[in-house]
Amino acid sequence: MSKTIKKLVLLRENFPIEGLCEILDRADENELKIWIALLMRADENGEVESADALCELLGWESSDVESALTFWRGTGLVALKKADGKKKTTTTQKSAHRGGKVEHSGVAPYQSAELATLLDQKQALADYVTECQRVLGKTVNVYDTGLLVGLVDQLGFSEEAVLAILAYAVRLGKATVRYAEKIAIRFYDEGITSTSGVYERIRVMEKSAEVISQIRTLFGMGSRDLSTTEKKLFTAWTQKLGYGIDEIRLAYDITIDAIHTPAPKYINTILEKWYAEGLHPARDIEEFENEKKAD
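All values derive from a computational prediction rather than experimental measurement.

A.B. asks: Looking at this structure, I do not really get unusual backbone geometry. What am I missing?
C.D. replies: For residues besides glycine, phi is generally negative; the peptide bonds are generally trans as well. Residue Pro281 follows His280 across a cis peptide bond; omega there is -10°. A positive phi is found at His260, a non-glycine position, where the angle reads about 65°. Inspection of the secondary structure assignment puts His260 in the loop between α12 (245–259) and α13 (264–276). Looking at His260, the relative accessible area reads 66%, which means it is exposed.

In structure tokens, the structure reads:
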């Protein structure tokens, strides 16, 4: 969180109840939790002392709080307040920015008539929305239909790429358009919009999740949540460095022999050294380490 931000302000006055109902329908689980937390911590002026207070109340990392707050700031129901007491102005345009921070929801909303015209004029687009509903296993509302159309019409994803993202979200147990949109925007910011690129990115992410599950078993972590450092390191090992459990286990064993404790940062040093040496897979690493011992 920015150190200049001291307060969050709930802008509840004169907001039509039907508008609030529509917003609540769009919010995902975390966004609803943050809204409840805001209501619990707000004073009579609708002000919350700090975002850190929400982290403490929910037991979340600041990045998770910020992600959920982004949705509410985009609705106009929450604003930020600077140290000088003035409300921080925010843009109302909803757009995704490649290589930078994503503001609000990423896809600009459509007017109902505009969306209806698009679907009437482009049968392929209407068929694509129908297929999206089949993948999700449910009918989507007008707002979600606009998100699905916007991913293709505004961000340049192919229909097949969006369907692949939806299928991935379903496999994660997150069968919502909002969750799929977040994944798509992450890909967009990474410069991944081609169909082949989306398939490859999903393949890497699913393989990473599989290996991270094996790492948890190796470390004896059980079902506890990973710390921020652990998430960062494990993701780097499996996605950036591209190592599997065999290579990570070798680094783990070397670490235990050296310092008698499974220290992730120590393991990271070993893995980064192997990566710099261009060592893949495990058999090449074992040969490298055996040669070092023989010298």
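A.B. asks: Can you help me understand the packing of helix α7 (residues 142–153) against helix α8 (residues 159–171) in this one?
C.D. replies: In a pair of packed helices, the angle between the axes and the distance between the axes together describe the arrangement. In the contact formed by α7 and α8, the axes pass within 9 Å of each other and the chain directions differ by 130°. When the axis of α7 is compared with that of α8, the two are oblique. When the axes of α7 and α8 are compared, the crossing they make is right-handed. Note on element contacts: α8 touches α7 through Glu159, Val162 and Leu166, opposite Leu148, Leu151 and Val152. For the contact of α7 with α8, a count of residues per class yields 5 nonpolar, no polar and 1 charged.

A.B. asks: Help me out: how do you make sense of the pattern of salt bridges in this one?
C.D. replies: Where charged atoms of side chains with opposite charge meet at close range, the side chains can pair. Counted by the stated rule, this structure contains 12 salt bridges. With its nearest N and O atoms 2.7 Å apart, the salt bridge here joins Arg171 to Glu206. One end of the pair, Arg171, is in helix α8; the other, Glu206, is in helix α10 (residues 195–219), and 35 residues separate them in sequence. Taking the relative accessible area as the measure of exposure, Glu206 reaches 32% and is therefore partly exposed.

A.B. asks: Can you walk me through the nonpolar core in this structure?
C.D. replies: Grouped burial of nonpolar side chains is what soluble globular proteins tend to show. Judged by nonpolar contacts, the single largest core of 39 residues is most densely connected at Phe157, Ile165, Leu166, Phe187 and Val198. Secondary structure elements with two or more residues in this core: α5 (112–121), α6 (123–136), α7, α8, α9 (177–189) and α10. Non-local contacts of Phe157, meaning those with residues more than four positions away in its chain, are made with Leu151, Val152, Val162, Ile165, Ala184, Phe187, Tyr188, Ile192, Thr193 and Val198.

A.B. asks: For this particular structure, what's the right way to read the packing of aromatic side chains?
C.D. replies: The relation between two aromatic rings is expressed through the spacing of the ring centres and the mutual angle of the planes. All chains considered together, the criterion is met by 3 aromatic pairs. For the pair Phe219 and Tyr252, a centre-to-centre distance of 5.4 Å together with 70° between the ring planes defines the contact as edge-to-face. Taken together, the residues Phe219 in helix α10 and Tyr252 in helix α12 connect sequence positions 33 residues apart. The same class applies to Phe219 as to Tyr252, namely buried. With centroids separated by 5.1 Å and ring planes inclined at 45°, the aromatic side chains of Phe234 and Trp237 adopt a geometry described as tilted. A residue pair is termed a helical-turn pair when its members lie 3 or 4 positions apart in one helix, as Phe234 and Trp237 do in helix α11 (residues 228–240) at 3 residues. With respect to burial, Phe234 and Trp237 carry one shared label: buried.

Rules of the game
Residues numbered from 1 in each chain as written. Predicted model: local features only at pLDDT ≥ 70, side-chain atom pairs only at ≥ 80, totals over all residues. Heavy atoms only, no water. Helix = DSSP H or I, 4+ residues; strand = E, 2+ residues; numbered from the N terminus. Buried < 20%, exposed > 50% of the residue type's maximum accessible area, 1.4 Å probe, protein only. Axes fitted to C-alpha atoms, helices over the stretch in contact; angles between N-to-C directions. Parallel < 35°, antiparallel > 145°, perpendicular 65-115°, else oblique. Left-handed = near helix turned anticlockwise from the far one by under 90°. Contact = heavy atoms within 4.5 Å. Nonpolar A, V, L, I, M, F, W, Y, C, P; charged D, E, K, R; others polar. Salt bridge = Lys/Arg side-chain N within 4 Å of Asp/Glu carboxyl O. Core = buried A, V, L, I, M, F, W, Y, C linked by side-chain atoms within 4.5 Å. Phe/Tyr/Trp six-rings, centres within 6.5 Å; stacked < 30°, edge-to-face > 60°.

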